[in-house]
Amino acid sequence: MNLDYRSVPYRILENAYRIVGLVVISALFSSGDGGQGGAGGSGTSILVFGSFVLLGLTAVAVWEFAYVKRYEYRISPDTLDIYSGVFSRREREIPFDRIQNVDIAQNVFQRALGIAEVRLETAGGGETEARLRYVSRPEATRIQEIVSERKRGEAERDPEEPDDALFELDSGELAVLGLTSANFNLFGLVVLLFVVLGTPVAAEQVSPRLAVLLFLGPALAAVALVVLWVLSGIQAVLRYYAFRLVRHEDELRYQRGLFQQYNGTIPLSKIQTLMIRENVIARAVGYGNLAIETAGYGPGQGNDDIESAIPIAKQARLFDLARTIEDFGEISFNRPPKRARIRYVGRYTIFVAVLVAALGGIHLQTGVLSDWYLGVVLWLLVPPAAHLKWVNLGYYCDENYVITRSGFWTRQTTVVPYYRVQTVSVSQTVFQRRRRLGTLVVDTASSGGFWGGNGIALDIDIEEASRLHETIHNRFQLSVRERRAGNLRSPQPGD
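Predicted model, so just to flag it, every value in this text is computed and none were measured.

A. Examining unusual backbone geometry more closely. Following R133, the chain continues into Y134 via a peptide bond in cis, with omega recorded as 5°. Turning to its location among the elements, Y134 is positioned in strand β6 (residues 130–136). Of note, A242 is a non-glycine position whose phi angle comes to about 60°, a positive value. Mapping A242 onto the fold places it in the loop between α8 (208–240) and β8 (244–248). One non-glycine residue, R436, lies in the positive phi region at around 55°.

As structure tokens, this is what we get:
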């Protein structure tokens with residue numbers, strides 16, 4: 001089968017930058033008339049300009065039509081075969097059992113034309129394995145259904161069988177999502193601007209323009225923070241508008257988006273970890289979100305963050321929804337020993353000392369920041385910051401799962417089934433050894449990235465870390481043996 005020919009005009013517009021480049025080149029050539037630009041010269045320039053535009057449009061149109069005509073895909077019993085290329089042909093066979101996710105994307109222009117993009121993600125792939133750009137919307141849905149059926153080894157399923165709706169985002173939750181979707185990536189920089197630019201300056205030592213800039217620094221930083229917050233909220237609302245999550249036999253399916261609409265799949269059998277994330281604003285009003293990572297792929301990994309399976313929900317409901325995917329029980333976190341908190345006090349004290357020294361150096365070199373030493377008042381924030389760091393750390397193990405928690409600005413609870421564990425390691429830094437602390441890392445075959453899918457128990461007692469290492473290893477071996485034998489009973493304490 002070929003791509004949809006209705007995509008040709010859209011592809012021409014999508015690659016309009018090539019036409020623009022040709023137009024610019026033609027304009028440069030047509031303007032080089034040596035200053036003899038009379039009426040006749042002007043008419044000639046317009047004619048040349050129009051010729052280049054027409055030539056560019058024709059070239060792009062011919063290329064895109066040939067590309068669509070030469071692009072073929074075939075569905076065999078075990079693979080999706082793709083043949084592409086206008087002059088140089090490329091052939092690919094993608095086995096159905098390697099396909100992790102099938103996502104369908106449409107923007108407003110594509111919806112108007114009735115076309116859609118199909119994205120195929122495979123296990124271990126760092127990027128999208130294949131993109132069908134573009135097929136009709138019914139054809140995109142057909143491909144998604146066929147891939148699901150072939151992965152299950154089924155010839156067909158009852159089309160009348162309803163999906164199990166797990167979550168729908170209502171207008172109230174959408175508003176909460178917009179208000180709580182603050183971007184904290186630059187928060188530290190904003191705080192630094194408050195400190196540096198807000199430090200009193202002797203007006204006679206600097207020019208009036210620089211003095212005004214320094215005094216306006218904190219206000220500008222505050223405005224920047226508000227703008228970032230508003231933009232993050234708008235982006236979240238547009239991304240998750242009309243969000244819906246359903247269980248479709250042995251996979252999850254979601255749809256979302258206002259201008260750019262997505263329909264995606266998450267195979268339950270490929271789920272590596274669940275991550276419940278609560279930024280400080282959402283946590284204050286009792287909300288959070290649920291993210292899912294599968295082996296080698298996190299939905300939406302082409303974006304800056306991992307796709308949310310549940311973008312916003314009350315914390316209690318969020319954990320209940322997570323338990324419909326992984327059947328973990330009530331969680332009672334163990335915190336690191338209190339001596340870890342002393343370590344954080346030392347770490348943050350060093351940071352304040354370096355900052356004050358930097359301000360003092362600026363004063364010595366430039367004469368500005370005459371009250372640089374007032375930066376030492378930041379140390380008053382060190383004890384509460386160390387406590388907040390410590391109180392949001394934790395770990396928990398039961399017979400089937402290891403669960404970790406960390407983070408203050410965005411607290412993340414990571415749920416890892418033992419049978420998904422790849423490696424378990426214990427590490428110690430020089431500073432951790434002094435306080436008999438260590439870090440336990442439970443590694444999974446997730447897509448990694450900034451958020452990652454690994455369970456990390458930070459700064460726990462080194463003897464406890466070694467004991468947990470042995471426990472997780474043994475339970476992993478037991479769970480794998482049971483799953484291979486088809487015995488899905490929960491391990492007993494005496495096993």
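After that view of the structure, there is still more to cover.
B. Broad picture of the sheet that holds strand β17 (residues 421–427). Spatially, the three strands line up as an open sheet ordered β17-β18-β19, and their pairing is antiparallel. Of all the strands in the sheet, just β17 and β19 (455–461) have a single pairing partner and so form its edges. Put simply, the sheet's adjacent strands are angled 15° from each other on average, direction ignored. Strand direction decides the pairing type here: β17 and strand β18 (residues 437–444), joined by six bridges, are antiparallel. In the sheet register, V424 faces β18, and the bridge partner there is V442. Contacts between helix α11 (residues 339–366) and the sheet are confined to β18 and β19, with β19 contributing the most and set at about 100° to the helix.

C. Layout of the packing of α11 against helix α12 (residues 382–391). Contact geometry for α11 and α12: axes closest at 8 Å, N-to-C directions at 135°. With respect to α12, the element α11 is oriented oblique. Considering the relative orientation of α11 and α12, their crossing is right-handed. On α12, the residues touching A340, R341, Y344, V345, R347, Y348, T349 and V352 of α11 are V382, A385, A386, H387, K389 and W390. Counted by class, the contact of α11 with α12 contains nine nonpolar, two polar and three charged residues.

D. Examining the packing of aromatic side chains more closely. Counted by the stated rule, this structure contains nine aromatic pairs. A centroid spacing of 5.6 Å and a plane angle of 35° characterise the contact between Y5 and F65, whose relative ring orientation is tilted. Here Y5, found in the segment before α1 (7–14), pairs with F65, found in helix α3 (residues 39–70); they are 60 residues apart in sequence, far enough to count as distant. With relative accessibility at 42%, the residue F65 sits in the partly exposed group. Ring geometry for F328 against Y401: centres 6.2 Å apart, planes inclined by 75°, an arrangement best described as edge-to-face. Linking F328 in the loop between α10 (315–325) and α11 with Y401 in strand β15 (residues 401–406), this pair joins segments that are 73 residues apart in sequence. Comparing F328 with Y401 shows no difference in burial state: the two are buried. Among the aromatic side chains, those forming a connected cluster through ring pairs are F167, Y240 and F243. We note R256 situated over the ring of Y240; from NZ or CZ to the ring centre the distance is 5.5 Å. If you follow R341 out to its NZ or CZ, it ends over the ring of W390, 4.3 Å from the centre.

Thresholds applied
- Residues numbered from 1 in each chain as written.
- Predicted model: local features only at pLDDT ≥ 70, side-chain atom pairs only at ≥ 80, totals over all residues.
- Heavy atoms only, no water.
- Helix = DSSP H or I, 4+ residues; strand = E, 2+ residues; numbered from the N terminus.
- Pairing = 2+ DSSP bridges.
- Axes fitted to C-alpha atoms, helices over the stretch in contact; angles between N-to-C directions.
- Contact = heavy atoms within 4.5 Å.
- Parallel < 35°, antiparallel > 145°, perpendicular 65-115°, else oblique.
- Left-handed = near helix turned anticlockwise from the far one by under 90°.
- Nonpolar A, V, L, I, M, F, W, Y, C, P; charged D, E, K, R; others polar.
- Phe/Tyr/Trp six-rings, centres within 6.5 Å; stacked < 30°, edge-to-face > 60°.
- Buried < 20%, exposed > 50% of the residue type's maximum accessible area, 1.4 Å probe, protein only.
- Lys NZ or Arg CZ within 6 Å of the ring centre and 35° of its normal.

Geometry only, nothing functional implied.
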